[in-house]
Structures are given as structure tokens and as C-alpha cells.
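Tertiary structure, described
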Amino acid sequence: MTALFLKEVARNPWTAGLFLLPPLLALGFQGRGEGVGLVGLYSGLSLLLPPLVLALAVPLLASREEWAFLLGFPVRPFLAFLQGVLGVLLGLAPPLLLGLLLGAGLLGFSWEAGLWLLLSGIGLLLFWLGLAALLSALLLEERRALALGFGLFGLLNVLYGPLAVALAVRLRDYPLEGLLTLALLLNPQEVHRVGLLLGLKAPVLTGPVGYLVAERLGTVGPLLGLGYLVLFGLLLTLLAATLFARRDR
């Protein structure tokens, strides 16, 4: 099962976009310092990588006809779905890692900064692949899953900042701080970005959302933020496999 999905991802020409994306982004941060380059690359990836992951993963994981055929083999649906997600991951990770290495080389990163870039890129990949898996398992219909996925991308990466700030302003006179904290935790990619900024002391403004994360969650180190990002992605994948195993196909 894993090999089938890996082959489908590897033969898709758009998969090469994961290799090209990091070095193209790196060209815009040359000569701006290691910390700025690292955070800038991560921020750029958080905006441009998700649509590519959704477009490559959802058509494979949400195909009802494909699963109807594959589940004819003697394999449990829960494990079959996990193997499918693993195949997609193994197809997407190598070109992304190679692209990140090339981007780190173009910016002259030290080994430590290069390692953080690799880990951050894989963390983002796991998070959005987990989200793609969850939408695919819930809907088992490519167009609806893609539409909802791009809607969530817009919410988390475009509207999230203004909405979080607006929520903080509206709740400042009410004892509902837990609601704001929950809203901040629902976007782990932003938590990790703030962790990178604070932990590496990059000379980049954290922005209003970064201020809220630091104020509500305390000191978030880069390792803690990365662990939360990866854990969130893995939990989404396990939830997706559970839902897929229990639903009618």
C-alpha cells in the first residue's frame, strides 16, 4: 500500500515544486543574516507549501473509488489509510529536504541553522499532510476536501492574525482568556514561528500574534514549538485513520 502511494506521488511532475520552492524563496533573503533568513524561509514555506501539499495529497487520499479497490486486499482499513499517508509522506519528503538543503546552502547557513530549517520544513509537511488526511477521511470526495482544505489554509495563514488580534481586543474586558489561548494553540505553525524568533533571537518583528503567543503561552522555545507542530500533525493523521476505519466507504 505504501509503495503504491509513493509511486503515485513520485510520478506527479508537480512534486518537483517541493524541491524548487525553498531555493527560490532563499534568493529573496540573501545577505540579510542567518536568523532573518531562517525565519523568512519558514514564513515563506508556511504560505506556499500548504497549497502544494493539499493539491498532491488529497486527490490520492480522498478517492473513494481507489479505496474501494485497495480495500479488497486483506488489510485493515485503519492500517491501510496510515500506509497510504506514509506513502505520500515518503514521496513528498525527499524533494522537500533536498530543496531545503539547497536553500540553506544558498544562504550560507551554519549546520545548526540548516538543521532547524530541515526540521521546520518537515514539521510543516507533517502538519499539512495530517490536515489533508483528516479532510480526505472525513469527506472521501476530492473536490469537497480540496475546497475545505484551501478554506482552512486561508483561515490559518491569511485571516488568522487579524482574527486572533480582534478576539484579544474583544475579550480584554471579559474573563475568557482560555478561549484566546485555545485559539492560539489551534495554529501550531505560528507557535513554532514565534519559538524560532524568540529562541534564535532573530532581528525580526514578531507581530501582534507573536506578542499574544509569548504573552499567553510564556517562553516558547524552538524545540517546544517544533515538537508541538509535529505532534499536532501526527495526531491529525491518527484521527484521520480512525475516522476512515469507522465510516462507510
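Residues numbered from 1 in each chain as written. Predicted model: local features only at pLDDT ≥ 70, side-chain atom pairs only at ≥ 80, totals over all residues. Heavy atoms only, no water.

1. Quick word on the overall build of the protein
Here is the rule: Runs of E in the DSSP output that reach at least two residues are strands. Runs of H or I that reach at least four are helices, and both are numbered from the N terminus. For each residue, the accessible area found with a 1.4 Å probe, counting protein chains only, is set against the maximum for its type, and the residue is called buried under 20%, exposed over 50%, and partly exposed in between. Contacts are residue-level and defined by heavy atoms, with any inter-residue pair within 4.5 Å sufficient. Per-residue accessibility takes into account occlusion by the displayed protein chains alone, with areas from the Shrake-Rupley method and a 1.4 Å probe.
For the protein, the count of helices and strands is 11 helices and 0 strands. Taken from the N to the C terminus, the helices and strands of the protein come in the order α-α-α-α-α-α-α-α-α-α-α. Classification of the 249 residues of the protein by burial places 47% in the buried group. A sequence separation of at least 24 residues applies to 81% of the contacts in the protein between residues at least 6 apart. Carbon and sulfur atoms make up 69% of the accessible area of the protein, which amounts to about 12100 Å² in all.

2. With respect to the pattern of salt bridges
Heads up, the condition is: Any Lys or Arg side-chain nitrogen located within 4 Å of an Asp or Glu carboxyl oxygen qualifies as a salt bridge.
Applying the stated criterion across every chain yields a total of 2 salt bridges. As a salt-bridge pair, Glu-8 and Arg-11 come within 3.5 Å of each other at their nearest N and O atoms. On the basis of relative accessibility, which here comes to 56%, the residue Arg-11 falls in the exposed class. The residue Arg-193 makes a salt bridge to Glu-190 at a minimum N-O spacing of 2.7 Å. Of this pair, Arg-193 and Glu-190 both sit in helix H9 (residues 188-200), 3 residues apart, which is roughly one turn of that helix. Judged by relative accessible area, Arg-193 falls into the buried class, the value being 14%. With a relative accessible area of 14%, Glu-190 lands in the buried category.

3. What about helix H1 (residues 2-10)?
Quick reminder of the rule: As used here, the arc belongs to the directions running from the helix axis to the C-beta atoms.
Within H1, burial applies to Thr-2, Phe-5 and Val-9. The buried residues of H1 occupy an angular sector of 75 degrees when the element is viewed end-on, so they sit on one face. Residues of H1 that are exposed and angled more than 90 degrees away from the buried face: Ala-3, Lys-7 and Ala-10.

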